[in-house]
Amino acid sequence: MEKRRIACFLAAICAAALLCACAPQKAEETFLAMDTVMSVTVYGENAQEAASACRAETERLEALLSVTDEQSAVYAINHAEGQPTETDGELARLLSRVLELCGRTEGALDVTIYPAVRAWGFTDGEYRVPSEAELAELLTRVDYSAVSVRDGTVTLPAGAELDLGSTAKGYAGDRLAELLSGMGIESAILDLGHNIQLIGTKPDGSSWVIAVQSPFGGDYAGTLSVSSCAVVTSGGYERFFTDENGCVHHHIIDPATGHSADSGIASATIIGKSGLVCDALSTAVYVMGAERAAELWRASDDFEMVLILSDGSLAVTEGIAPAFTPADENAEITVVTR
Ligand code: AMP
Ligand code: MG
């Protein structure tokens, strides 16, 4: 009897050891950065070290790119009053790429939108409705094409201010993906607040299943079965306030009007290899509306999209349609083709 108990005990230890040997190490880290809760889950050897490195890298980028931190490189540029600012090389390179994306979206993405975003109170939460005259004056300062980046020196016209809120998390996704790959990590999911960056597949080799949130509250709108890519969503439902007349104003501003974008899109989810491109385009597509977004997609080969329109219908580009499963099997879905 005693022998049998010992044998069972040894067998249990062996099974546990075998399980430990097979299951990859897993580490999770949750932290607040860039105004949102982020959570990274990393699998593989050194998982904990890698997850901690992700947190440190995100905090480094926040310190560089924050619009409100008086020590940040962006803050210094924004307060140069028209004078050239010699800036951090990484920021100069990022800004050049963001300016390209502003051009590619014909200014639907405008990295100089900050004066308008601040006037509505989206920076400090002191929400207000600016007058048309105030918005008209602020829009004279919004023009990405007036930003110059040359040899690490950035010059803005006096009164212009940068806001990388539309792209910083996506860029962080790319940086973290590089960092993890350099540490030999082949499987990780980085949830950077509406910005998902996927490293490889799940540890068992299957695709990750990512929920696309419903912009109308309640359950999710569908799921995406994907791997090794970024999935980034923009939607007015993420940050908004209701004014005394019952009008809702949200944080994605149409640079053409200075008001919250009202293009008929309730949420724009962009899928692609680059977190930066997906983040920039999710904001821009939300401003552009479904038709212009489809034209942009037809002229591009670096992203796919799932649009949820204000009437509840969906538009899904053909490259991602097979990977998308709507939560409601009766949902009205248009597949956008080339
Ligand atoms: P996202 O959540 O990525 O769509 O980014 C929204 C954030 O980007 C806002 O909170 C603003 O800080 C900033 N933003 C708002 N409208 C624009 C715009 N049209 N172009 C660039 N940045 C914007
Ligand atoms: Mg964005």
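Just above, that's the structure.
Residues numbered from 1 in each chain as written. Chains lettered and ligands numbered in written order. Predicted model: local features only at pLDDT ≥ 70, side-chain atom pairs only at ≥ 80, totals over all residues. Heavy atoms only, no water.

Chemist: Is there a simple way to think about the site of ligand 1 in this case?
Modeler: Taken together, 16 residues lie around ligand 1, and D163, S234, I253, D279 and T283 are the ones closest in. One of the backbone N or O atoms of I253 is found 2.8 Å from a nitrogen atom in ligand 1. Between an oxygen atom of ligand 1 and a side-chain N or O atom of T283, the distance comes to 2.7 Å. Bound to the protein, ligand 1 loses 93% of the 500 Å² it would expose on its own. Taken together, the residues that form the shell around ligand 1 break down as seven nonpolar, five polar and four charged. (Near = heavy atom within 4 Å. Polar contact = N/O pair within 3.5 Å; in protein donor to acceptor, adjacent residues only side chain to side chain. Areas by Shrake-Rupley, 256 points an atom, 1.4 Å probe, with all protein chains shown as cover. Nonpolar A, V, L, I, M, F, W, Y, C, P; charged D, E, K, R; others polar.)

Chemist: Would you mind going over the packing of helix α8 (residues 275-288) against helix α9 (residues 290-298) with me for this structure?
Modeler: If you want to describe how two helices pack, look at the angle between their axes and the distance between the axes. It is the contact of α8 with α9, at a shortest axis distance of 6 Å, that shows an interaxial angle of 135°. As far as their axial angle goes, α9 and α8 are oblique. Contact with α8, carried on its side by L281, V285 and M288, involves A290, R292, A293 and L296 of α9 and no other residues of that element. When the residues that make up the contact of α8 with α9 are grouped by side-chain class, the tally is six nonpolar, no polar and one charged. (Axes fitted to C-alpha atoms, helices over the stretch in contact; angles between N-to-C directions. Helix = DSSP H or I, 4+ residues; strand = E, 2+ residues; numbered from the N terminus. Parallel < 35°, antiparallel > 145°, perpendicular 65-115°, else oblique. Contact = heavy atoms within 4.5 Å.)

Chemist: When you look at the pattern of salt bridges in this model, what are you seeing that I'm missing?
Modeler: Pairs can form between side chains of opposite charge once their charged atoms are near each other. Going through the model one piece at a time under the given rule, you end up with 15 salt bridges. Close ionic contact of R55 with E29 constitutes a salt bridge, the shortest N to O distance being 3.2 Å. Linking R55 in helix α2 (residues 47-65) with E29 in strand β1 (residues 26-33), this pair joins segments that are 26 residues apart in sequence. With a closest N to O distance of 2.8 Å, E178 and R175 form a salt bridge. Of this pair, E178 and R175 both sit in helix α7 (residues 168-182), three residues apart, which is roughly one turn of that helix. Connected via shared salt-bridge partners are E57, R60, E90, R175 and E178. (Salt bridge = Lys/Arg side-chain N within 4 Å of Asp/Glu carboxyl O.)

Chemist: Can you help me understand the coordination of the magnesium ion (ligand 2) in this one?
Modeler: Ideal values for angles at a metal depend on the geometry: 109.5 degrees with four tetrahedral donors, 90 or 180 degrees with six octahedral donors. All of the protein donors around the magnesium ion (ligand 2) are S166 (O), D279 (O), D279 (OD) and T283 (OG1); their distances to the metal are 2.1 to 2.5 Å. Mapped onto the sequence, the donors of the magnesium ion (ligand 2) take the spacing S-x112-D-x3-T. In this pair, S166 is assigned in the loop between β5 (153-155) and α7 and T283 in helix α8, connecting sequence segments 117 residues apart. When sorted by exposure, S166 lands in the same class as T283, which is buried. (Donors = N, O, S within 2.8 Å, 3.2 Å for Na, K, Ca; no water. Buried < 20%, exposed > 50% of the residue type's maximum accessible area, 1.4 Å probe, protein only.)

Chemist: Explanation requested: the side chain of T269 in the structure shown.
Modeler: As for its position among the elements, T269 is in strand β13 (residues 265-272). For T269, a relative accessible area of 0% translates into the label buried. Of note is the side chain of T269, whose polar atom sits 2.8 Å from the side chain of T233. Every residue in contact with T269, bar those within four places of it in the chain, is listed here: V212, L224, V231, V232, T233, E304, M305 and V306.

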